Amino acid sequence: MRVLYAVMIDSHCHLADAQFVDDLDAVLTRAKKARVDQMITIADSIAEAEACVQIAEKHSHIFCTIGVHPHNAKEWKRGDAKTLQEMASGSRKVRAIGEIGLDYHYDHSPRSDQRAVFLEQLTLSRELGLPAVVHCREAVKDIETIIREVEPLQVVMHCCTEKWEDVTWMIELGHFLSFTGIATYPSSHDIRETIKQCPLEQMMIETDSPYLAPVPHRGKRNEPAYVVEVAKIIAEIKGVSVAEVDSATTKNAIEFFGLSF
Ligand SMILES: [Zn+2]
Ligand SMILES: [Zn+2]
């Protein structure tokens, strides 16, 4: 029997971001009012990973990831893998390695550094028995090569903006695609087609806040309370109810991040 969840999970937000420093409590109160019951706060550096663990330790309904974003790959040091390993074993709130991956759009770090740091962290996730949250921008071929090589436990490609034919391998391998408010932007034809094709059983929703606010909040700071807008656009695209999208994506996030209710 299908369990219907009456709550939502924001599977990817950056609560340790400087934009939330002044009013995080108010942000969390609005999330609660909007029925966003649990959140995964995502790290992009070793320093942010420490901040994410602190936030998660403080709030029972917040969990976190630890990892170094491809933008910051050039800052990766020997010993960082050990630091991540210690953080993972030091807190029960750490539920995945991320966000890790490749970003060939901005190229903030040399691509060779990005690949090496992604490979090392993806391998670490496997060794630690944790899933991985992967960031992919204009790098889907290399992401595929590395995932096929490492064979990680489970991966979610977050903020998926890829064409369906470029990510069908993710679904075939049993992994997940996660979508943001970008799907609500009028020009996002490819994303909407990918959403149409992606089975609900392998889909998650996220805000990626404070970035990428969905319509009708576009242009403002994004926050977890707005994740319902992502559920709404997916429901519209797939011709199903918002409750069905909510229920499926909540179930997926619970299983992926090992959450409970
Ligand atoms: Zn990302
Ligand atoms: Zn992110």
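The notes below deal with the structure included here. As the structure is a computational prediction, the values presented were derived from the model and not from experiment.

Section: the coordination of the zinc ion (ligand 1)
- Looking at the zinc ion (ligand 1), one finds its protein donor set to be Glu99 (OE), His135 (ND1) and His158 (NE2), positioned 2.0 to 2.1 Å from the metal centre.
- Coordination of the zinc ion (ligand 1) draws on donor residues from a single chain, spaced E-x35-H-x22-H in sequence.
- A spacing of 3.5 Å is found between the zinc ion (ligand 1) and the zinc ion (ligand 2), which share Glu99 as a donor. With Glu99 in strand E4 (residues 94-103) and His158 in strand E6 (residues 155-158), this pair connects stretches of sequence that are 59 residues apart.

Observations concerning the pattern of salt bridges
- Taken as a whole and assessed by the stated rule, the structure comprises 13 salt bridges.
- Put simply, Asp190 and Lys163 hold a salt bridge, and the shortest N to O gap is 3.9 Å. Pair noted here: Asp190 is in helix H7 (residues 189-197) and Lys163 is in the loop between E6 and helix H6 (164-172), with a separation of 27 residues, a long-range link.
- A salt bridge links Arg221 to Glu223; its shortest N-O distance comes to 3.6 Å.
- Assessed through its relative accessible area of 23%, Arg221 is described here as partly exposed.

Re the coordination of the zinc ion (ligand 2)
- For the zinc ion (ligand 2), the full set of protein donor atoms is His12 (NE2), His14 (NE2), Glu99 (OE) and Asp208 (OD), at a range of 2.1 to 2.3 Å.
- In this structure, the zinc ion (ligand 2) is surrounded by 4 donor atoms whose angles at the metal cover 88 to 176°, and the resulting shape is irregular.
- Read N to C, the donor residues that coordinate the zinc ion (ligand 2) are spaced as H-x1-H-x84-E-x108-D.
- Its relative accessible area of 5% is what places His14 among the buried residues.
- Judged by relative accessible area, Glu99 falls into the buried class, the value being 2%.

A few points about the sheet that holds strand E1 (residues 8-13)
- Within the open sheet, the 8 strands sit side by side as E1-E2-E3-E4-E5-E6-E7-E8. Their pairing is parallel. The sheet is open, and its two edges are formed by E1 and strand E8 (203-205), each paired on a single side. If you compare each strand with its neighbour and ignore which way they point, the axes differ by 25° on average.
- Sheet topology note: the E4/strand E5 (residues 132-137) ladder contains 6 bridges and is parallel. When the bridges of E5 are listed, Gly101 appears paired with His135.
- In the packing of helix H8 (residues 227-238) onto the sheet, the strands contacted are E1, strand E2 (36-41), strand E7 (176-179) and E8, and the crossing angle to E8 comes to about 140°.

Calculation criteria
- Residues numbered from 1 in each chain as written.
- Chains lettered and ligands numbered in written order.
- Predicted model: local features only at pLDDT ≥ 70, side-chain atom pairs only at ≥ 80, totals over all residues.
- Heavy atoms only, no water.
- Donors = N, O, S within 2.8 Å, 3.2 Å for Na, K, Ca; no water.
- Helix = DSSP H or I, 4+ residues; strand = E, 2+ residues; numbered from the N terminus.
- Salt bridge = Lys/Arg side-chain N within 4 Å of Asp/Glu carboxyl O.
- Buried < 20%, exposed > 50% of the residue type's maximum accessible area, 1.4 Å probe, protein only.
- Tetrahedral: all angles 85-135°; square planar, octahedral: opposite > 155°, others 65-115°.
- Pairing = 2+ DSSP bridges.
- Axes fitted to C-alpha atoms, helices over the stretch in contact; angles between N-to-C directions.
- Contact = heavy atoms within 4.5 Å.

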